[in-house]
Amino acid sequence: MSQAITGPERLFRPWRQKSVVSPEKLSNYDLIVRCQEGSKPDRAAFAELLNRYQSHVERILYHLAPDWQDRADLAQEVWIRVYRNIKRLNEPVKFRGWLSRIATNLFYDELRKRKRVSHPISLDAPRRVDDGEIEWDIVSDYPSPDDTLATREFYDRLKVAIADLPEAFRTTIVLREIEGLAYEEIAEMTGVSLGTVKSRIARARGKLQTVLEKYVD
């Protein structure tokens, strides 16, 4: 017959707890799940979430409004909305697209308030980096703009051609070719069907090829 556990060992055994993994060591999925636990998001977990995705928010706002001086304030408002609504996200695996949609919706909310008339995206604005500014690096199969003067001229014309696209086409082509988002992410972000996204990107590429035909013969 086994002997019953008595004394201090009996008292402390039920209180043994599993060690809590620090937010820095959690996967993105588990980090989001932890932020959804409790009445409010865990502060340490949410800070890590912000740290991982802040650059993504900044890139979206920069591409949408490169000439706005208050993009930092908009980014802060994005994270306030995330903090308040993260429990409503039913599929943590889709967090990136959900975050992108919050940033985009906030931009258009602000755009309507300002009654802005000009195009929100200016591809002439340089991209800011830690050590200065560089020109737009548009992801494509075309040669580097430093290869030849003709290639430089091509890139300059490409910027103008994209800026001249209708807003719906311009947004999708920028998100796909510059931001590098998947079709599914763009669909979720813009609130349209996957077929519509593919159609807009195909038509945008067609318009760009027509304008830039003499450069790609």
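The rules behind these values
- Residues numbered from 1 in each chain as written.
- Predicted model: local features only at pLDDT ≥ 70, side-chain atom pairs only at ≥ 80, totals over all residues.
- Heavy atoms only, no water.
- Phe/Tyr/Trp six-rings, centres within 6.5 Å; stacked < 30°, edge-to-face > 60°.
- Helix = DSSP H or I, 4+ residues; strand = E, 2+ residues; numbered from the N terminus.
- Buried < 20%, exposed > 50% of the residue type's maximum accessible area, 1.4 Å probe, protein only.
- Salt bridge = Lys/Arg side-chain N within 4 Å of Asp/Glu carboxyl O.
- Core = buried A, V, L, I, M, F, W, Y, C linked by side-chain atoms within 4.5 Å.
- Domains from an automatic or database assignment.
- Contact = heavy atoms within 4.5 Å.
- Expected span 1.5 Å × (residues − 1).
- Arc of directions from axis to C-beta.

Asks: Describe the packing of aromatic side chains, listing the residues and the values that go with them.
Replies: Aromatic ring pairs are defined here through the distance separating the ring centres and the angle between the ring planes. All told, the structure shown has five aromatic pairs when counted by the stated rule. Considering the side-chain rings of Tyr53 and Phe95, the 4.9 Å spacing of their centres and the 70° angle between planes classify their relative orientation as edge-to-face. Within this pair, whereas Tyr53 is found in helix H3 (residues 43–64), its partner Phe95 is found in helix H5 (residues 95–114), the two being separated by 42 residues in sequence. An identical accessibility class is assigned to Tyr53 and Phe95; each is buried. Ring geometry for Phe95 versus Trp98: centroids 5.8 Å apart, planes at 45°, classification tilted. Of this pair, Phe95 and Trp98 are both found in helix H5, three residues apart, which corresponds to roughly one turn of the helix. Look at Trp98 and you get buried, because its relative accessible area is 10%. Grouped by ring-pair contacts, the aromatic residues Phe46, Trp79 and Tyr83 constitute a single cluster.

Asks: Give me the pattern of salt bridges: which residues, what numbers.
Replies: Tallying each qualifying case throughout the model produces five salt bridges. Between Glu48 and Arg52 there is a salt bridge; the shortest N-O distance is 2.9 Å. Taken together, the residues span about one helical turn, with Glu48 and Arg52 both in helix H3 at a distance of four residues. The salt bridge partner of Arg81 is Glu77, with a shortest N-O separation of 3.4 Å. Here Glu77 and Arg81 lie together in helix H4 (residues 71–85), a separation of four residues that amounts to about one turn.

Asks: Which residues make up the nonpolar core, and what are the values?
Replies: Among the nonpolar cores identified, the biggest contains 48 residues, and Leu49, Trp79, Val82 and Phe95 are the most heavily contacted of them. Sorting elements by how many residues they give to this core places H5 first, with nine residues. Split by domain, this core shows at least three residues from each of two domains, domain 1 (23–117) and domain 2 (149–213). With residues near it in sequence (within four places) discarded, Leu49 still touches Leu31, Ile32, Cys35, Trp79, Ile86 and Phe95.

Asks: Give a description of helix H9 (residues 194–211) that names residues and reports values.
Replies: When the terminal C-alpha atoms of H9 are compared, their 26 Å separation across 18 residues agrees well with the 26 Å that a helix rising 1.5 Å per residue should span. Buried residues of H9: Val197, Ile201, Ala204 and Leu208, and no others. Down the axis of H9, the buried set is contained in an arc of 65°. They therefore lie on one face. Residues of H9 that are exposed and point over 90 degrees away from its buried face: Arg203, Gln209 and Thr210.

Such coordinate-based values are descriptive only and should not be taken to indicate function.
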